[in-house]
Amino acid sequence: MAPNAEFAVTRIASVNPATGEVLGELDSAGPTEVRSAVARARAAQPDWNAWGIRNRVKALGRFQQILLARKTDIARRIAQEAGKPQVEALLTEVLVVLDAARFLIDNAFAILRDEKLAHGNLAMKSKSGRILHEPYGVVGIISPWNYPFSIPATETLAALVAGNAVVLKPSELTPLIALELEGLLRQAGVPNDIFQVLPGEGETGAALVESEIDKLVFTGSVATGRRIAQTAAQRLLPVVLELGGKDPMIVLEDADVDVASSGAVWGAFVNAGQTCLSIERCYVHQSLYSAFLDACAEKARKLRVGNGMDPSTEIGPMINERQVRIVESHVEDARQRGARVLAGGARLRELGPTFFAPTVLADVDHGMRVMQKDAETFGPVLPIAPFSSDAEAVRLANDSDYGLAASIWTRDRARGERLARQINVGTVMVNDAVSCFSISEAPHGGVKSSGVGRTHGRWGLEEMARVKYIDSDLLPRMKKIWWFGYGGGLAGEMENFVDLLYARPLRQKLKAAVRSAGALWRKKL
Ligand code: NAD
């Protein structure tokens, strides 16, 4: 690696959070490496764009089949580096990426091809319009550790198919799986400089934001997202920000307690609760409250916590000591303020320092840190509070700085969908949580502090392309009436014309038509 004068080259270690075993060590990329990677990407991108979308789609097809063949191995590596159960690595990471590739293979051409733009302004009827979707050039992607494969891979595939080069700065906690992604894309025929991985900590990410990239897709915490947005604003770098969530779950009085409690336990504890879309606040109608609490506590106690490599494990370790301390402090604060701990509530030290027992808290309120509007808990904690009316549930759900997703649980789908309109978030699921991330057609992203822009689906793909409008005049030999040469009654003629186009009363429209025809006739004479 080239010497780096601007900050000392640091080493980052990838550690298996279940065992503490060091899986690998890497040099961090410094600003010099970041700049030169971006320059190489910029130089290579025009050829990649010239490959054409059909050839890029073929490369995605090869990538998909190579990943399919290696699914078990990749899932194992994700489980080792991020600590999650292998089955989750397969379902929430590998499968999500296979399906994102499927979506892009089937749809990217149709979404990104040139479009003819019809228009309704009669004054402009001599214009023929066309929309082009052009790549930005070099897209920087900065990703977190909690979904170390599916997040950067889905964003990367969309950026690449649109004709961009990508420079990825993965989380310092999970660099090895990002290098696996690089290997898979190379094997699929994506040129070296078109997809590059720069391992490193936050300062490598900061150097990427300051480099000459053309667009940035960031996924991570609100605090980092805000810092990045400030830097990006200096040069109006377009950004997509996928930030945190404090997702509410609302259980209406007609919900099935057994189904909803199983959904709550899974939605709160999947990936040890370290999911942006995980259920962080649960509101249950008072008529079901007690039965729901009992069901959740019983189901939480039965969950098998352990090393993700063990096929029977349902909950793995948390990523590191820092995250465990946040969870501990939120649980302790809730306990001190009167919450009841119905299950878990502490580390499982016999398994290792980063294992935290799936925790169910009852009688929580918004004065507790675990429910506060501006702080994710991001661990295996399910805090539950009662409500007495739909209006109260909506008010509580919306009482948050975050707005990523929410879920509503009811036997009456139409009622759930009606209520969904009142929740101020990017996605509402009725009778499930979290799994919307695996629907490749669906947009992913939030409102309020949860972020800006969307990934996934056609909206995510469109984020990777600049829209260019090409406007061709069909009468090149005719001077336009709106060009200079004002005066001579032109203003009056224009007033008539505007009335002709937009007046609602038929009389006014007809009068304008007669006057316009007269003006035209006089001009002809
Ligand atoms: P983080 O913000 O600490 O780090 C995210 C990435 O940003 C890492 O690669 C990190 O090295 C880098 N980074 C840190 N400081 C930087 C800086 N100053 N400039 C540029 N890059 C910098 O987040 P995390 O702990 O890795 O991830 C967890 C967070 O991500 C949670 O808040 C979670 O809700 C959120 N998240 C959101 C989504 C979503 O789609 N909305 C998905 C997953 C995770």
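Cut-offs used in this document
- Residues numbered from 1 in each chain as written.
- Predicted model: local features only at pLDDT ≥ 70, side-chain atom pairs only at ≥ 80, totals over all residues.
- Heavy atoms only, no water.
- Near = heavy atom within 4 Å.
- Polar contact = N/O pair within 3.5 Å; in protein donor to acceptor, adjacent residues only side chain to side chain.
- Areas by Shrake-Rupley, 256 points an atom, 1.4 Å probe, with all protein chains shown as cover.
- Helix = DSSP H or I, 4+ residues; strand = E, 2+ residues; numbered from the N terminus.
- Buried < 20%, exposed > 50% of the residue type's maximum accessible area, 1.4 Å probe, protein only.
- Contact = heavy atoms within 4.5 Å.
- Expected span 1.5 Å × (residues − 1).
- Patch = residues over 30% accessible without salt bridge, like charges linked within 9 Å, V, L, I, M, F, W, Y side chains within 5 Å.
- Salt bridge = Lys/Arg side-chain N within 4 Å of Asp/Glu carboxyl O.
- Pairing = 2+ DSSP bridges.
- Axes fitted to C-alpha atoms, helices over the stretch in contact; angles between N-to-C directions.
- Phe/Tyr/Trp six-rings, centres within 6.5 Å; stacked < 30°, edge-to-face > 60°.
- Domains from an automatic or database assignment.
- Buried area = accessible area lost by both parts, 1.4 Å probe.
- Nonpolar A, V, L, I, M, F, W, Y, C, P; charged D, E, K, R; others polar.
- Core = buried A, V, L, I, M, F, W, Y, C linked by side-chain atoms within 4.5 Å.

1. Here we look at the site of the ligand
Then, number 1: In the vicinity of the ligand, 29 residues are found, and the nearest of them are Lys169, Glu172, Ser221, Leu243 and Glu376.
Then, number 2: Measuring from a nitrogen atom of the ligand, one finds a backbone N or O atom of leucine 243 at 2.6 Å.
Then, number 3: Between the ligand and the protein, one listed contact pairs an oxygen atom with a side-chain N or O atom of glutamate 376 at 2.5 Å.
Then, number 4: Taken by itself the ligand offers 840 Å² of open surface, and the protein chains cover 90% of this.
Then, number 5: Sorting the residues of the shell around the ligand by element identifies helix H7 (202–210), strand S8 (215–219) and helix H8 (222–234) as the ones contributing at least two each.

2. Topic: the environment of glutamate 203
Then, number 1: Within the secondary structure, glutamate 203 is located in helix H7.
Then, number 2: The class of glutamate 203 is partly exposed, set by a relative accessible area of 37%.
Then, number 3: Taking C-alpha positions, glutamate 203 is 8.5 Å from proline 31, a pair spaced 172 residues apart along the chain.

3. So, the environment of tyrosine 289
Then, number 1: Among the secondary structure elements, tyrosine 289 is positioned in helix H10 (residues 289–302).
Then, number 2: Note on tyrosine 289: relative accessible area 11%, which makes it buried.
Then, number 3: Once the C-alpha coordinates of tyrosine 289 and isoleucine 384 are considered, the two residues, 95 residues apart in sequence, prove to be 8.7 Å apart.
Then, number 4: Discounting chain neighbours no more than four positions away, the residues touching tyrosine 289 are Val284, Ala362, Asp363, Ile384, Ala385 and Pro386.

4. Focus: the environment of glutamate 134
Then, number 1: Locating glutamate 134 in the fold gives a position in strand S4 (residues 127–135).
Then, number 2: Between the C-alpha atom of glutamate 134 and that of arginine 522, which follows or precedes it by 388 residues, the distance is 47 Å.
Then, number 3: In this structure the side chain of glutamate 134 is engaged in a polar contact, spanning 3.2 Å, whose partner is the side chain of lysine 468.

5. Points about helix H5 (residues 150–161)
Then, number 1: Across its twelve residues, H5 extends 16 Å between first and last C-alpha, which sits within 8% of the 16 Å expected from 1.5 Å per residue.
Then, number 2: Along H5, the residues classified as buried are Ser150, Ile151, Pro152, Ala153, Thr154, Glu155, Thr156, Leu157, Ala158, Ala159, Leu160 and Val161.
Then, number 3: Backbone geometry just after H5 places glycine 163 at a positive phi near 100°.

6. Let's talk about a nonpolar patch on the surface
Then, number 1: A contiguous nonpolar surface patch, about 320 Å² in accessible area, is contributed by Val87, Leu90, Leu91 and Leu95.
Then, number 2: As for its placement among the helices and strands, valine 87 is situated in helix H4 (residues 86–112).

7. Notes on the sheet that holds strand S6 (residues 165–169)
Then, number 1: Read from one edge of the open sheet, six strands run S7-S6-S5-S8-S9-S17, paired in mixed fashion. Both outer strands of the open sheet, strand S7 (195–197) and strand S17 (451–452), are each paired with one neighbouring strand and no more.
Then, number 2: Here helix H1 (residues 31–50) sits on the sheet and contacts strand S5 (138–142), S6 and S7; the angle it forms with S6, its principal contact strand, is near 160°.
Then, number 3: Sitting on the sheet, helix H6 (residues 175–187) is in contact with S6 and S7, with an inclination near 160° to S7.

8. As for the packing of aromatic side chains
Then, number 1: Enumeration over the complete set of coordinates arrives at three aromatic pairs.
Then, number 2: Aromatic pair tryptophan 48 and tryptophan 51: ring centres 4.7 Å apart, planes at 50°, arrangement tilted.
Then, number 3: With relative accessibility at 1%, the residue tryptophan 48 sits in the buried group.
Then, number 4: Taking relative accessible area as the criterion, tryptophan 51 reaches 30% and is therefore assigned partly exposed.
Then, number 5: For the ring pair tryptophan 145 and phenylalanine 378, a centre distance of 5.7 Å and an interplane angle of 80° mean the geometry is edge-to-face. With a gap of 233 residues between them, tryptophan 145 in the loop between S5 and H5 and phenylalanine 378 in the loop between strand S13 (359–362) and strand S14 (381–387) connect regions that are remote in the sequence.

9. Describing the sheet that holds S13
Across a sheet, strands are paired by hydrogen bonds formed along the backbone, either parallel or antiparallel in direction.
Then, number 1: Pairing is mixed across the open sheet formed by seven strands, whose spatial order is S12-S13-S14-S11-S10-S15-S16. Both outer strands of the open sheet, strand S12 (340–343) and strand S16 (427–430), are each paired with one neighbouring strand and no more. Averaged over all neighbouring strand pairs, the angle between strand axes comes to 25°, with direction disregarded.
Then, number 2: Pairing between strand S10 (residues 247–251) and strand S15 (residues 405–409): three bridges, direction parallel.

10. Examining the domain arrangement of the protein chain
Then, number 1: One can read the domain layout of the protein chain as domain 1 (11–15 + 33–243 + 458–468), domain 2 (247–440) and domain 3 (477–522).
Then, number 2: Computed from C-alpha atoms alone, the centre-to-centre distance between domain 1 and domain 3 is 51 Å.
Then, number 3: Counting residues at the interface gives five residues for domain 1 and five residues for domain 3.
Then, number 4: Considering only the side of domain 1, the residues that lose the most area to domain 3 are Leu122, Ala123 and Lys127, jointly responsible for 62% of the buried surface there.
Then, number 5: Counting across the domain 1 and domain 3 interface gives zero salt bridges.
Then, number 6: Counting across the interface, domain 1 meets domain 3 through zero residue pairs in polar contact (both at pLDDT 80 or more).
Then, number 7: A per-class count over the side of domain 1 that touches domain 3 returns three nonpolar, one polar and one charged.

11. Notes on unusual backbone geometry
Most peptide bonds adopt trans geometry, and most residues besides glycine take a negative phi value.
Then, number 1: A positive phi angle, close to 60°, is found at aspartate 363, a residue other than glycine.
Then, number 2: By secondary structure assignment, the location of aspartate 363 is in the loop between S13 and S14.
Then, number 3: Its relative accessible area of 30% is what places aspartate 363 among the partly exposed residues.
Then, number 4: If you check the backbone angles, valine 434 has positive phi at about 70° while not being a glycine.
Then, number 5: Within the element layout of this structure, valine 434 appears in the loop between S16 and S17.

12. Details of the nonpolar core
Then, number 1: Of all hydrophobic cores here, the largest spans 73 residues; its most connected members are Phe63, Leu67, Phe149, Leu216 and Leu461.
Then, number 2: With ten residues, H4 is the largest single contributor of residues to this core.
Then, number 3: The residues contacting phenylalanine 63, other than those within four sequence positions of it, are Val97, Leu157, Leu181, Leu184, Leu185 and Ala188.
Then, number 4: Ranked by size, the runner-up nonpolar core spans 72 residues in total, among them Ala18, Cys282, Val331 and Cys436.

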